Amino acid sequence: MRPSLHQLRVFEAVARLRSFTAAAQELHLAQPTVSVQMRELAGNIGLPLFEQQGRRTALTAAGEALLEAARSMFDTWAAFEMTVGELKGARRGKLRLAAVTTAEYFVPALLAPFARAYPGVDVSLAVENRDAVVERLRQDADDFTIMMMPPVELRLAVLPFLDNPLVALAPRDHPLTRRRRVPLQTLAAEPLLVREKGSGTRMASEQFFAEHRLLPNVRMELGSNEAIKHAVAAGLGCAILSQHTVGRTPERDGLAVLGVEHMPIRRSWYLVRREGRAETPVTRAFLAYMKARQDDAPAARETKRLDRADGSSQSVRRRSHVA
Ligand code: PGA
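Predicted model, so just to flag it, every value in this text is computed and none were measured.

Quick notes on unusual backbone geometry
If a residue is not glycine, its phi is most likely negative; likewise, a peptide bond is most likely trans.
Link 1 in the chain: For the bond from Met263 to Pro264, the omega torsion is 5°, close enough to zero to count as cis.
Link 2 in the chain: Relative to the helices and strands, Pro264 is located in the loop between β10 (255-257) and β11 (265-274).
Link 3 in the chain: With a phi angle near 55°, Asp140 is a residue other than glycine that sits in the positive phi range.
Link 4 in the chain: Relative to the assigned elements, Asp140 resides in the loop between α6 (130-138) and β5 (144-147).

Okay, here's the thing in structure tokens:
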């Protein structure tokens with residue numbers, strides 16, 4: 001059996017319109033051409049496809065079965081054409097991203113494989129603290145935002161994709177580095193260096209101390225993670241920062257991670273998008289790329305499990321996940 005796609009299209013028109021003449025008109029073909037095509041198709045299949053019932057053209061059982069097969073083939077083909085169209089569309093375009101400052105330690109490495117796969121896509125990345133990033137979200141300025149604490153007051157779709165443990169840092173030679181387990185009160189009583197107001201890191205540590213009914217001994221406020229790392233290394237105090245700011249080798253920066261009870265503070269990085277924001281082939285491609293990465297993140301898996309456990313689409317942060 002070797003029916004051609006063209007024969008199947010002619011057949012579908014005849015079957016739908018129940019008329020050789022109407023099908024010929026619709027397809028801008030001569031009526032005898034339609035008849036020849038249908039004879040060849042029936043010959044190919046080895047059974048008659050149509051029968052005359054008075055003046056009406058009706059389908060035989062084989063014709064009915066072929067119509068079903070042809071329609072599902074056309075559907076599959078249409079889906080394939082759409083995918084190809086999207087792949088072509090995603091080759092060029094813009095991707096506007098915003099990330100909180102703490103994300104700058106891993107976002108470039110995260111974006112690199114995507115940028116290599118889509119060299120025609122123009123990627124822009126704005127890096128600001130949480131307050132500024134939330135303002136951009138409010139204005140719907142970016143396709144996606146990467147942050148730790150998505151604001152609850154906006155309707156957002158979120159995708160957790162990476163763990164973000166917040167750790168307590170001390171100078172490398174601080175006496176507390178010799179203790180296996182530092183009580184949280186002890187850390188709260190140490191002079192602490194904190195980020196500026198509007199920083200998500202600061203907000204998360206304030207929430208953490210409040211949950212444990214402790215008042216931290218804030219010694220100094222500094223406007224960036226790097227400034228805090230240098231100040232801690234210089235012996236000005238301790239600090240709570242994302243583990244991503246020091247990587248696996250804090251000692252290279254003159255720092256040590258303290259073994260404080262209830263720590264690290266377990267947070268996640270989220271890919272965030274305003275609900276209802278128009279999609280483009282590029283944003284769809286980027287979302288698919290990030291979802292593939294999500295499966296590598298233990299925290300993300302845990303969040304997904306929690307989602308399933310309560311049987312709703314609400315995540316731990318009470319919002320829908322990026323579909
Ligand atoms: P930030 O980042 O402290 O740089 O604002 C943390 C966050 O908000 O996710």
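Having put the structure on the table, let's press on.
Quick look at the pairing of β5
Link 1 in the chain: Burial of the side chains of β5 extends over both faces: Phe144 and Ile146 are buried on one face and Thr145 and Met147 on the other.
Link 2 in the chain: Pairing of strand β3 (residues 93-100) with β5, which is carried by three bridges, proceeds in the parallel orientation. Looking at the pairing, Ala98 lines up with Thr145 of β5.
Link 3 in the chain: As defined by bridge partners, β5 adjoins β11 across three bridges and the pair is classed as antiparallel. Residue pairing for β11: Ile146 is matched across the bridge by Leu271.

Overview of the pattern of salt bridges
Link 1 in the chain: Tallied over the entire structure, the rule returns 18 salt bridges.
Link 2 in the chain: The partner of Glu206 in a salt bridge is Arg202, with the nearest N and O atoms 2.9 Å apart. Placement of the pair is Glu206 and Arg202 together in helix α8 (residues 200-211), with a separation of four residues, close to one helical turn.
Link 3 in the chain: With relative accessibility at 44%, the residue Glu206 sits in the partly exposed group.
Link 4 in the chain: Salt-bridge contacts for Arg202 lead to Glu221; the nearest nitrogen and oxygen are separated by 2.8 Å. Of the two residues, Arg202 is situated in helix α8 and Glu221 in strand β8 (residues 218-222); the sequence distance between them amounts to 19 residues.
Link 5 in the chain: Using a relative accessible area of 13% as the deciding quantity, one classes Arg202 as buried.

Topic: the packing of aromatic side chains
Link 1 in the chain: Overall, the coordinates contain 11 aromatic pairs when judged by the stated rule.
Link 2 in the chain: Between Phe114 and Tyr289, the ring centres sit 5.3 Å apart and the planes meet at 55°, which makes this aromatic pair tilted. Residue Phe114 is found in helix α5 (residues 107-117), and its partner Tyr289 is found in helix α10 (residues 281-294); the two are separated by 175 residues along the sequence.
Link 3 in the chain: With relative accessibility at 1%, the residue Phe114 sits in the buried group.
Link 4 in the chain: Tyr289 sits in the buried class, given a relative accessible area of 12%.
Link 5 in the chain: Ring geometry for Phe208 against Phe209: centres 5.8 Å apart, planes inclined by 55°, an arrangement best described as tilted. The pair Phe208 / Phe209 is uniform in exposure class, with both members buried.
Link 6 in the chain: An aromatic cluster is built from Phe114, Tyr118, Phe144, Phe286 and Tyr289, whose rings are joined through pairwise contacts.
Link 7 in the chain: The residue whose ring lies beneath Arg9 is Phe74, and the NZ or CZ to ring-centre distance is 4.4 Å.
Link 8 in the chain: Its guanidinium or amino end placed over the ring of Phe144, Arg273 lies 4.8 Å from that ring's centre, counting from NZ or CZ.

What counts and how
- Residues numbered from 1 in each chain as written.
- Predicted model: local features only at pLDDT ≥ 70, side-chain atom pairs only at ≥ 80, totals over all residues.
- Heavy atoms only, no water.
- Helix = DSSP H or I, 4+ residues; strand = E, 2+ residues; numbered from the N terminus.
- Buried < 20%, exposed > 50% of the residue type's maximum accessible area, 1.4 Å probe, protein only.
- Pairing = 2+ DSSP bridges.
- Salt bridge = Lys/Arg side-chain N within 4 Å of Asp/Glu carboxyl O.
- Phe/Tyr/Trp six-rings, centres within 6.5 Å; stacked < 30°, edge-to-face > 60°.
- Lys NZ or Arg CZ within 6 Å of the ring centre and 35° of its normal.

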